[in-house]
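# Geometric and topological summary
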Amino acid sequence: MAGELETGVTRFVAVSVKTFVLSLGASLGLMMANRGGASKAFDDSQDHCNDNFTTGEWWRIPIYLACSVGVLGQYRFRIDRYWCPLIVQLVAYEVQYEVFHGMKEQHTSDH
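Along each chain, residues carry numbers from 1 onward, in the same order as the chain's sequence is written. Under the rules for a predicted model, residues below a pLDDT of 70 receive no local features and side-chain atom pairs below 80 are neither given nor counted, while totals for whole chains, interfaces and linings still include all residues. Values reported for side chains reflect all heavy atoms of the structure, with hydrogen atoms and water molecules removed beforehand.

### As for the overall build of the chain
- Along its length, the chain carries four helices and zero strands.
- The buried share among the 111 residues of the chain stands at 9%.
- Partitioning the contacts of the chain with sequence separation of at least 6, the portion at a separation of at least 24 is 58%.
- Every accessible area reported is derived by Shrake-Rupley at a probe size of 1.4 Å, with residue values counting cover from the shown protein chains alone. Within the structure as shown, the chain displays about 9,100 Å² of accessible surface, and the carbon and sulfur contribution to it stands at 66%. To qualify as a helix, a DSSP run of H or I must reach at least 4 residues; to qualify as a strand, a run of E must reach at least 2; elements of each kind are numbered from the N terminus. Only protein chains enter the area calculation, which uses a 1.4 Å probe; residues under 20% of their type maximum are buried, those over 50% are exposed, and those in between are partly exposed. Here, residues are in contact when the closest pair of their heavy atoms is within 4.5 Å.

### Focus: the packing of aromatic side chains
- The pairing test for Phe, Tyr and Trp rings, Trp by its six-membered ring, is centres within 6.5 Å, and the orientation test on the planes gives stacked under 30 degrees, edge-to-face over 60, and tilted for anything in between. Within this structure, the stated rule accounts for two aromatic pairs.
- Ring centres 4.1 Å apart and planes at 15° place the aromatic pair Tyr64 and Tyr93 in the stacked group. Note that Tyr64 is positioned in helix 3 (residues 60-74) and Tyr93 in helix 4 (residues 83-102), a separation of 29 residues in sequence.
- With relative accessibility at 15%, the residue Tyr93 sits in the buried group.
- With a centroid separation of 6.2 Å and 35° between ring planes, the pair formed by Tyr93 and Tyr97 is classed as tilted. Of this pair, Tyr93 and Tyr97 both sit in helix 4, four residues apart, which is roughly one turn of that helix.
- Given the relative accessible area of 12%, Tyr97 is considered buried.
- Pairwise contacts between aromatic rings join Tyr64, Tyr93 and Tyr97 into one cluster.

### Comments concerning the confidence of the model for the chain
- Residue-level confidence of the predictor is what pLDDT reports, using numbers from 0 through 100. Across the chain, the average pLDDT comes to 79, with 83% of residues at or above 70.
- Put simply, helix 2 (residues 38-44) is where the chain has its lowest mean pLDDT, 75, and helix 4 is where it has its highest, 88.

### A short note on the pattern of salt bridges
- Every case where a carboxyl oxygen of Asp or Glu lies within 4 Å of a side-chain nitrogen of Lys or Arg is listed as a salt bridge. Going through the model one piece at a time under the given rule, you end up with two salt bridges.
- Between Glu94 and Arg60 there is a salt bridge, and its shortest N-O distance comes to 2.8 Å. Of this pair, Glu94 sits in helix 4 while Arg60 is found in helix 3, placing the two residues 34 residues apart along the sequence.
- Of the charged contacts in the structure, one is a salt bridge between Arg78 and Asp80, with a shortest N-O distance of 2.8 Å.
- On the accessibility criterion, Arg78 (45% relative accessible area) is partly exposed.

### Some remarks on a nonpolar patch on the surface
- The patches reported here contain residues having more than 30% relative accessible area and no salt bridge. Joining distances are 9 Å for like charges and 5 Å for nonpolar side chains (Val, Leu, Ile, Met, Phe, Trp, Tyr). Judged by side-chain polarity, Val9, Phe12, Val13, Val17, Phe20, Val21, Leu24, Leu28 and Met31 come together as a nonpolar surface patch covering roughly 840 Å² of accessible area.
- Mapping Val13 onto the fold places it in helix 1 (residues 2-33).
- The class for Val13 is partly exposed, based on a relative accessible area of 45%.

### Re the environment of Leu28
- Among the structural elements, Leu28 can be located in helix 1.
- The class for Leu28 is partly exposed, based on a relative accessible area of 42%.
- Considered as a pair, Leu28 and Ala38 are 10 residues apart in the sequence and their alpha carbons are 9.5 Å apart.

Next comes the structure, spelled out in structure tokens:
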């Protein structure tokens, strides 16, 4: 059991570091491509965004669960144990979704 835990923690840290490095590289690339005006380019692109993309749609939960399965596969999690983390991720997603929509009236500019 301790070996499985150690391997899982090592993989989690490795994926976290990889994600951080990829995010940092993407943000630096965006800054260089826009010559330092990445924020202005982001703000200008808001006209093309649909902030109600998933609001009230029946398919938002199956798509979220499919993405969650992809994440669990990245950690090489055993398929027969997917049910527990999927429940935790789904509950966290629903709480985040409800809080976001509950606070939507107070915060009109969420970047």
